[in-house]
Amino acid sequence: MTIGELAARFELPTHVLRHWESAGLLAPARHENGHRRYGPADLRRVAMILMGKEAGLGLRALREVLAGPDPMNHADLLREHVALLEQRIARARAAKELVEHALECPLSFDDCPHAREQIESRIP
């Protein structure tokens, strides 16, 4: 299939596929006229790239993970990413709790002991 057909199938702009190619994530075959040609392996590769991006991996990490025959061979990189995700989750939970408290607290922000505590904890 052409780059336009592949892009449409995944609802992506064609420039994203070109960028992934320049980043070393995709290596489409070339037709005799130089146009890119994508096959079933490329479909799976794009799906894996999208899965990795949904998991929060950057292009550099994705290139490393997808470089070998088995993405699961990069346990150290994936463990580091899990730790990073755990940090993000903890920050998101704390932010959610702060907003929920603000919604439920009957006091003004300046009078709320919880808000003051949060403010003081961020002052170096």
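Thresholds applied
Residues numbered from 1 in each chain as written. Predicted model: local features only at pLDDT ≥ 70, side-chain atom pairs only at ≥ 80, totals over all residues. Heavy atoms only, no water. Helix = DSSP H or I, 4+ residues; strand = E, 2+ residues; numbered from the N terminus. Buried < 20%, exposed > 50% of the residue type's maximum accessible area, 1.4 Å probe, protein only. Lys, Arg positive; Asp, Glu negative; His and termini not counted. Salt bridge = Lys/Arg side-chain N within 4 Å of Asp/Glu carboxyl O. Polar contact = N/O pair within 3.5 Å; in protein donor to acceptor, adjacent residues only side chain to side chain. Axes fitted to C-alpha atoms, helices over the stretch in contact; angles between N-to-C directions. Parallel < 35°, antiparallel > 145°, perpendicular 65-115°, else oblique. Contact = heavy atoms within 4.5 Å. Nonpolar A, V, L, I, M, F, W, Y, C, P; charged D, E, K, R; others polar. Expected span 1.5 Å × (residues − 1). Disulfide = S-S within 2.5 Å.

A. View of the side chain of Asp 42. Along the chain, Asp 42 turns up in helix 3 (residues 40-54). No salt bridge is formed by the buried Asp 42, whose closest oppositely charged neighbour, Arg 45, lies at an N-O distance of 7.1 Å. A distance of 2.9 Å separates a polar side-chain atom of Asp 42 from the backbone nitrogen of Gly 39.

B. Up close: the pattern of salt bridges. As enumerated under the stated definition, the model contains 4 salt bridges in all. The salt bridge partner of Asp 76 is Arg 79, with a shortest N-O separation of 3.2 Å. In this pair, Asp 76 and Arg 79 are both assigned in helix 5 (residues 75-104), 3 residues apart and thus about one turn of the helix distant. Residue Asp 76 shares its accessibility class with Arg 79, and that shared class is exposed. For Lys 96, the salt bridge identified is with Glu 100, shortest N-O distance 2.7 Å. In this pair, Lys 96 and Glu 100 both sit in helix 5, 4 residues apart, roughly one turn of the helix. In this structure Glu 100 comes out as partly exposed when scored by relative accessible area, which is 33%.

C. Representation of the packing of helix 1 (residues 3-10) against helix 2 (residues 14-22) within the structure. Interhelical geometry of helix 1 versus helix 2 gives an angle of 105 degrees and a closest axis separation of 8 Å. When the axis of helix 1 is compared with that of helix 2, the two are roughly perpendicular. Facing Ile 3, Gly 4, Leu 6 and Ala 7 of helix 1, the residues of helix 2 in contact are Thr 14, Leu 17 and Arg 18. Per-class residue counts for the contact of helix 1 with helix 2 are 4 nonpolar, 2 polar and 1 charged.

D. Highlighting helix 3. Taking 1.5 Å as the rise per residue, helix 3 with 15 residues should run 21 Å; its terminal C-alpha atoms sit 21 Å apart, in good agreement. If you check which residues of helix 3 are buried, you get Asp 42, Leu 43, Val 46, Ile 49 and Gly 52. Looking one or two residues beyond helix 3, the residue adopting positive phi is Gly 56, at roughly 95 degrees.

E. The arrangement of the state of the cysteines in detail. Taken as a whole, this structure holds 0 disulfides when the rule is applied. For the unlinked cysteine Cys 105, the closest cysteine sulfur is that of Cys 112, found at 3.4 Å. Its relative accessible area of 4% is what places Cys 112 among the buried residues.

F. Examining the environment of Glu 54 more closely. You can see Glu 54 is positioned in helix 3. In the structure, Glu 54 is positioned 21 residues away from Ala 75 in sequence and 18 Å away in space, judged by C-alpha atoms.

Function cannot be read off these values alone, since they describe shape.
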